[in-house]
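# Breakdown of the fold
Spelled out, the chains give:
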Amino acid sequence: MAVKLVVDGVGKDFLIPVIDHVSFTVDAGDFFCLLGPNGCGKTTLLRIIGGIEPATRGRVTLDGEAIVAHQPHERKVGVVFQEDRLLPWKTIRDNVALVLRPLRLAPGERTARVARYLDLVGLRGFEDYYPARVSGGMRQRAVIARALAIEPDVLLMDEPFGALDAQNRRIMQREIRRIWRETGRTIVFVTHSIEESVEVGTTLVMLSARPSRIRALIRNDDPGQRVKLVDDLDTMIMEEVERQQGASDGRT
Amino acid sequence: MTPRWVDRLHLPTLAVVIALLGVWALVSAKYGAYVLPSPALVARGLVDVVVTGEVWKHTGASLARILVGFGGAVVVALLLALAAFVSRTARGVVHDVVAVLNATSVFVWIVVSIIWFGLSNWAPIFTTFMITLPVVASNLVEGVESVDRRLLEMGDVYRLGGRAKFTAIVVPSTLPYLIAGMKVGFGLALKVSVVAEIFGVTTGIGYIMNYSREILATQMVFVWALVMILVMMATDRIVFDPLSRRMSAWR
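Residues numbered from 1 in each chain as written. Chains lettered and ligands numbered in written order. Predicted model: local features only at pLDDT ≥ 70, side-chain atom pairs only at ≥ 80, totals over all residues.

### What about the overall build of chain A?
The helix and strand tally for chain A stands at seven helices and 10 strands. A globule of 252 residues ought to have a C-alpha radius of gyration of about 18 Å, and chain A, at 18 Å, matches this closely. Taking the principal axes of its C-alpha atoms as reference, chain A extends roughly 60 × 40 × 40 Å. Within the span of chain A, comprising 252 residues, buried residues form 43% of the whole. Long-range contacts, defined as pairs at least 24 residues apart, comprise 69% of the intrachain contacts of chain A with a sequence gap of at least 6. (Helix = DSSP H or I, 4+ residues; strand = E, 2+ residues; numbered from the N terminus. Rg over C-alpha atoms; globule rule 2.2 N^0.38 Å. Buried ≥ 20, exposed ≤ 12 C-beta atoms within 10 Å, placed from the backbone. Contact = placed C-beta atoms within 7 Å.)

Written out as structure tokens, the structure is:
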């Protein structure tokens, strides 16, 4: 399979090293999950990949093109943040249409695309609602439609379902899996929930405690192994959490 | 079929008003119409100025001056806020200028404007401008500063240009601050411009109030005070309330 995204020796210091040294590649069409204990820099790593935040060291390339924060590039990156970041004064339709503006599509194509992706995420009939008038789950669907509408080379998702209740979370996990299958997009998905990552991801990366490195890289393609995989990852994450607490206890 | 305003009447407030009118009538009877004209006298005066049309002449003159002075203040405040949005240095300067203007007394501007503009329309206009500018500007700068950085970051991720970010994110999130600032500013403008009208002009609510005092027509002082209060409440109801309601349609 073609390599889509290369993360090569990326690290980040905030006074102390947060991300030590992380390297991996993501294949085109992969559903790639970043896992790890709280505070291990998952979100930061995702922001570096998206070119939102600069790395202290290492480089990121998407389709062979370097992604550097605050520098223009030709790739398209869709991002789903932890919060919805919808403009509250625009309807769901206009929120999606807004991000298509820089693509300079023909007006008809633009309208069609907005409709297509709102349909895909199951928001037909809610186009003219303001974000405050719909549920959290629907806002998250709108955000996914917005990110997909630019037809991104990679879709970055940062704990997108963290703010949802357990039931909506389950529904949205199934939905994102379906949307991924239907669109064939490459997704990099950050979560701290092991069950969630095993539920949705095809490749799972477990980061270690701070300063983070890759603790394990696992293909998740055998549904029969899921229960065992969750157990293994649970053990791993607890070890990392203990290591982190041990380290901070030692310091104080 | 009870009209809508009847439903909106707050009975306890009505009771207080009636009680106050009673006290007012009693005190007026004791001290005489020069010190405190009776409610009936004031009511008759109000009817008179409406019937003769005098009310429009003076209210119109005051409002015209306010429109120029306050309108100018809003325009300049918008420019200052824009500067504050574009540059951090400008933001600091605007902050300090607003602080100094806020600390300056109305009287300073009245005296200075009489020296500069003589006894003309421009004295109350300039005073209104200088007093309302810091109020509107500080609200607007606060609005600009409160723009959600996470939304701007979202705009960057999707490569919205500066103009698109400005019109889609900055303007809508600052608008409520502008309206709030304008509402307070307009109220202040009305209160301040009438003071400046005491000097040098021959129209306007401030002028006519002072004139009424000079000719010992105390009831007319009360009439014009009443007119001012009504104008203030009417603009709130007719202009600002619908504006802020329209703007929060998405909430």
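### As for the packing of helix H4 (residues 54–86) of chain B against helix H5 (residues 88–102) of chain B
All names here are of chain B. Running from N to C, H4 and H5 point in directions that differ by 140 degrees, and their axes come no closer than 5 Å. As the angle between them shows, H4 and H5 are arranged oblique. At the point where H4 passes H5, the crossing takes the left-handed sense. Contacts between H4 and H5 involve Leu 80, Ala 83, Ala 84 and Val 86 from the first element and Ala 90, Arg 91 and Val 94 from the second. Its residues assigned to classes, the contact of H4 with H5 comprises six nonpolar, no polar and one charged. (Axes fitted to C-alpha atoms, helices over the stretch in contact; angles between N-to-C directions. Parallel < 35°, antiparallel > 145°, perpendicular 65-115°, else oblique. Left-handed = near helix turned anticlockwise from the far one by under 90°. Nonpolar A, V, L, I, M, F, W, Y, C, P; charged D, E, K, R; others polar.)

### Side note on the environment of Glu239(A)
Residue and element names in this part refer to chain A. Inspection of the secondary structure puts Glu 239 in helix H7 (residues 226–251). Classification of Glu 239 as partly exposed rests on a count of 14 C-beta atoms within 10 Å. Along the sequence, Glu 239 and Ser 208 sit 31 residues apart, while their C-alpha atoms lie 9.1 Å from each other.

### What about the interface of chain B and chain A?
Of the residues lining the interface, 15 residues belong to chain B; the matching set on chain A comes to 16 residues. Of all the secondary-structure elements, those providing two or more residues to the side of chain B that touches chain A are helix H8 (149–157) and helix H9 (162–196) of chain B. With five residues, H8(B) is the single largest residue contributor to the side of chain B that touches chain A. Counted by class, the side of chain B that touches chain A contains 10 nonpolar, one polar and four charged residues.

### A look at the pairing of strand E4 (residues 57–62) of chain A
Residues and elements named next belong to chain A. Pairing between strand E1 (residues 3–14) and E4: five bridges, direction antiparallel. By the bridge assignment for E4, Val 7 is matched with Val 60. Judged from the two bridges that link them, E4 and strand E5 (residues 65–66) form a sheet pairing that is antiparallel. Paired with Leu 62 across the strands is Glu 65, a residue of E5. Taking the residues that link successive antiparallel strands as the turn, the E4-E5 hairpin has two residues, and the phi of Asp 63 there is positive, at about 50 degrees. (Pairing = 2+ DSSP bridges.)

### Side note on the packing of H4(B) against helix H7 (residues 122–145) of chain B
Residues and elements named next belong to chain B. Between H4 and H7, whose axes approach to 7 Å, the crossing angle comes to 35 degrees. In this structure, the crossing between H4 and H7 has a hand that is right-handed. Counted by class, the contact of H4 with H7 contains 22 nonpolar, four polar and one charged residues.

### Considerations on the sheet that holds E1(A)
All names here are of chain A. Strand order in the open sheet formed by four strands is E2-E1-E4-E5, with antiparallel pairing between adjacent strands. Looking at strand neighbours, the two that pair on one side only are strand E2 (16–27) and E5, the edges of this open sheet. Of the pairings in the sheet, the one linking E1 to E2 comprises eight bridges and is antiparallel in character. For Lys 12, the partnering residue across the bridge sits in E2 and is Ile 19. The sheet contacts of helix H1 (residues 42–49) involve E1, E2 and E4, and relative to E1 the element is tilted by about 125 degrees.

### Notes on the sheet that holds strand E7 (residues 154–158) of chain A
Two strands in a sheet stick together by hydrogen bonds in their backbones, pointing the same way (parallel) or opposite ways (antiparallel). Residue and element names in this part refer to chain A. Spatial strand order, E6-E7-E8-E3-E9-E10: six strands in an open sheet with mixed pairing. The sheet is open, and its two edges are formed by strand E6 (77–80) and strand E10 (214–219), each paired on a single side. Along the sheet, successive strands turn relative to each other by an average axial angle of 15 degrees, direction set aside. In this structure, E6 lies alongside E7, joined through four bridges in parallel fashion. In the sheet register, Gly 78 faces E7, and the bridge partner there is Leu 155. On top of the sheet, helix H4 (residues 136–149) reaches E6 and E7; it is set at about 170 degrees to E6, its chief contact.

### Digging into the nonpolar core
Among the nonpolar cores identified, the biggest contains 77 residues, and Ile49(A), Ala145(A) and Val188(A) are the most heavily contacted of them. For this core, the element with the highest residue contribution is H4(A), accounting for seven residues. Apart from residues lying up to four places away in sequence, Ala145(A) is in contact with Val96(A), Tyr117(A), Leu118(A), Leu120(A), Val121(A) and Leu123(A). Counting residues in each nonpolar core, the second largest holds 48 residues, with Val49(B), Ala84(B), Ala123(B) and Leu133(B) among its members. (Core = buried A, V, L, I, M, F, W, Y, C linked by C-beta atoms within 7 Å.)

### Focus on the confidence of the model for chain A
Confidence along chain A averages 90 in pLDDT terms, with 97% of residues attaining 70 or more. Per-element mean pLDDT across chain A ranges from 78 in H7(A) up to 96 in strand E8 (residues 187–190) of chain A. (pLDDT = per-residue confidence, 0-100.)

### Overview of the environment of Ala90(B)
All names here are of chain B. With respect to the secondary-structure elements, Ala 90 resides in helix H5. Under the C-beta neighbour-count criterion, Ala 90 is labelled partly exposed, with 16 such atoms within 10 Å. It is 8.2 Å that separates the C-alpha atoms of Ala 90 and Leu 80, two residues lying 10 residues apart in sequence. Ignoring sequence-local partners within four residues, the contact set of Ala 90 consists of Ala 83 and Ala 84.

### Quick look at helix H3 (residues 39–52) of chain B
Residue and element names in this part refer to chain B. Along its 14 residues, H3 runs 20 Å from first to last C-alpha, staying within 8% of the 20 Å computed at 1.5 Å per residue. Three or more residues of H3 are buried, namely Val 42, Gly 45 and Val 49. For H3, the angular spread of buried residues about the axis comes to 60 degrees, placing them on one side. In this structure, H3 carries Ala 40, Val 47 and Val 51 as exposed residues pointing more than 90 degrees from its buried face. Contacts from the buried residues of H3 go to H4 and helix H11 (218–247). Downstream of H3 by a residue or two, Gly 53 has a phi angle that is positive, lying close to 85 degrees. (Expected span 1.5 Å × (residues − 1). Arc of directions from axis to C-beta.)

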